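Residue-level structure breakdown
Each chain is listed here by its residues.
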Amino acid sequence: MDLNRAEEDLKTAEKDAEDALNGLNGWAYSSTNRDVELHFNMVKTGNITLKYTKGVTTLPVAPIVAAEIVQCFDTMKMWDKQFDEGRKLQEFEDGKFFTYGKYKAPWPVSQRDFVNVVKTVYDDNGRIRIIATSHPHKDAPEKYPCIRATLMYGAWVFEPTEDAVNDGEDSFPVEGKCKATYITAMNPMGTLPTWLVNQVANDTPMCLAAIADMIQKHPNIVKDMEKRARARLARIYPKKAGDVADKDEKRTAEDEKKLLEGSTEEKEDAKQAGEAYLPPPRPTPTRVTKEMRGGVKRGC
């Protein structure tokens, strides 16, 4: 584990993600499905050509709330049924950390796991970027039969829309909507046929639609994420949080302390679910049909 190398890897991933966000270097619009714009980029890596993916949609929550949703293990399992387990390995700088995540896979495909270094950026304009790339860590060695996948770069980008409500000139909006972009460039490794890998990639951006559905169906989760967002802002950017923590109700110093520390129940949830985690892209198919099995070997 080399922290300097991890920093360099993050810089490269951040640049690649920004290019993808701006549609540079081969990215092209493909279609729209369930209000999610699908963009793809066919990239030759070694002797194979992989499909990198980007999804863009509007979510009915502010950027800071959307960021909390995608960084929470509990909510992650609600919008991605393949997610198996994950944990935060180490935080080496404020907003930068290592994570481990494992994905389920249908027979005869082997499970995939990721070890990533992640960076969360809170831009002054209210935009939030979560950047990740693969990087080894001593606390998460490879273990058979799980296959270690490679994330070249991945990103969540949440931008406030004109409908967002800003609490003060320098505050992040806690209410409103956001433009959400999910970018993934990955290689599941193993011996999965390239055609199947690229077919699975078609579905990866659709997690945005699943997140939108969850938000609509579970307003209680949104309220909880708003509370977490206010607590995070008060902890990380107290000057920018300003009146945000007191927007809905006046809190005493003790109330604020409880909000930041969390209740006993919240602590237990956090212990089991973890936090500040960028889920990797979907590395395996949700199912393997009879037609697929002809080209898929056991343990691939």
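Whatever comes next refers back to the structure up there.
These notes cover the structure that comes with them.

Scoring rules and cut-offs
- Residues numbered from 1 in each chain as written.
- Predicted model: local features only at pLDDT ≥ 70, side-chain atom pairs only at ≥ 80, totals over all residues.
- Heavy atoms only, no water.
- Salt bridge = Lys/Arg side-chain N within 4 Å of Asp/Glu carboxyl O.
- Helix = DSSP H or I, 4+ residues; strand = E, 2+ residues; numbered from the N terminus.
- Buried < 20%, exposed > 50% of the residue type's maximum accessible area, 1.4 Å probe, protein only.
- Axes fitted to C-alpha atoms, helices over the stretch in contact; angles between N-to-C directions.
- Parallel < 35°, antiparallel > 145°, perpendicular 65-115°, else oblique.
- Contact = heavy atoms within 4.5 Å.
- Nonpolar A, V, L, I, M, F, W, Y, C, P; charged D, E, K, R; others polar.
- Expected span 1.5 Å × (residues − 1).
- Core = buried A, V, L, I, M, F, W, Y, C linked by side-chain atoms within 4.5 Å.
- Phe/Tyr/Trp six-rings, centres within 6.5 Å; stacked < 30°, edge-to-face > 60°.
- Lys NZ or Arg CZ within 6 Å of the ring centre and 35° of its normal.

Under the definition given, this model contains 18 salt bridges. In this structure, Lys96 engages Glu7 in a salt bridge whose closest nitrogen and oxygen atoms are separated by 2.8 Å. Taken together, the positions of Lys96 in strand S5 (residues 96-103) and Glu7 in helix H1 (residues 3-21) put the pair 89 residues apart, joining distant regions of the chain. You can call Lys96 buried: its relative accessible area is 12%. A relative accessible area of 19% means that Glu7 is categorised as buried.

Here we take up the packing of helix H2 (residues 63-70) against helix H6 (residues 219-236). At a minimum axis separation of 8 Å, H2 and H6 run at an interaxial angle of 105°. Taken together, the axes of H2 and H6 lie roughly perpendicular to each other. Listed contacts from H6 to Ile64, Val65, Glu68 and Ile69 of H2 are Val222, Met225, Glu226, Arg228, Ala229, Arg232 and Leu233. Classifying every residue of the contact of H2 with H6 by side-chain character gives 7 nonpolar, no polar and 4 charged.

Turning to H6, a few remarks are in order. If you check H6, its first and last C-alpha atoms are 25 Å apart, about what 18 residues at 1.5 Å a residue would give, namely 26 Å. What H6 keeps buried is the set Ile221, Val222, Met225, Glu226, Ala229, Arg230, Ala231, Arg232 and Leu233.

With respect to the helices, strands and loops of the structure, Met206 is situated in the loop between helix H4 (194-203) and helix H5 (207-217). Since its relative accessible area comes to 14%, Met206 is described here as buried. Distance from Met206 to Gly55, taken between C-alpha atoms, is 7.1 Å for residues 151 residues apart in sequence. Setting aside chain neighbours within four positions, we find Met206 in contact with Asn33, Arg34, Val36 and Leu38.

Quick look at the nonpolar core now. One finds Leu59, Ile64, Val65, Trp79, Trp156 and Phe158 to be the most contacted residues of the largest nonpolar core, which totals 48 residues. Per-element tally for this core: the top contributor is H5, with 7 residues. One finds Ala20, Leu50, Tyr52 and Ala185 within the second-largest nonpolar core, a separate group that totals 19 residues.

In an α-helix, one turn spans 3.6 residues, which is why side chains three or four residues apart end up on the same side. Within H2, 8 of the 8 residues are buried, which leaves the element mostly enclosed by the surrounding structure. Considered for burial, the residues of H2 that qualify are Pro63, Ile64, Val65, Ala66, Ala67, Glu68, Ile69 and Val70.

This part covers the packing of H5 against H6. It is at 5 Å that the axes of H5 and H6 come closest, and there the two elements cross at 100°. In terms of orientation, H5 and H6 fall into the roughly perpendicular class. Counted together, Met214, Ile215, Gln216 and Lys217 of H5 and Pro219, Ile221 and Val222 of H6 form the full contact between these two elements.

Glancing now at the packing of aromatic side chains. Within the structure shown, the criterion is met by 7 aromatic pairs. Ring geometry for Phe92 against Phe98: centres 5.3 Å apart, planes inclined by 40°, an arrangement best described as tilted. A relative accessible area of 18% means that Phe92 is categorised as buried. The exposure class assigned to Phe98 is buried, which follows from its relative accessible area of 0%. Between Tyr122 and Phe172, the ring centres sit 5.8 Å apart and the planes meet at 90°, which makes this aromatic pair edge-to-face. Of the two residues, Tyr122 is situated in strand S6 (residues 112-122) and Phe172 in the loop between strand S9 (150-160) and strand S10 (178-187); the sequence distance between them amounts to 50 residues. Like Tyr122, the residue Phe172 is buried in the burial classification. Of the aromatic side chains, those joined through ring pairs into one cluster are Trp79, Trp156, Phe158 and Tyr182. Stacked on the ring of Phe40, the Lys or Arg Lys51 has its end atom at 4.7 Å from the ring centre. Positioned above the aromatic ring of Phe97, the side-chain terminus of Lys88 is 5.2 Å from the ring centre.

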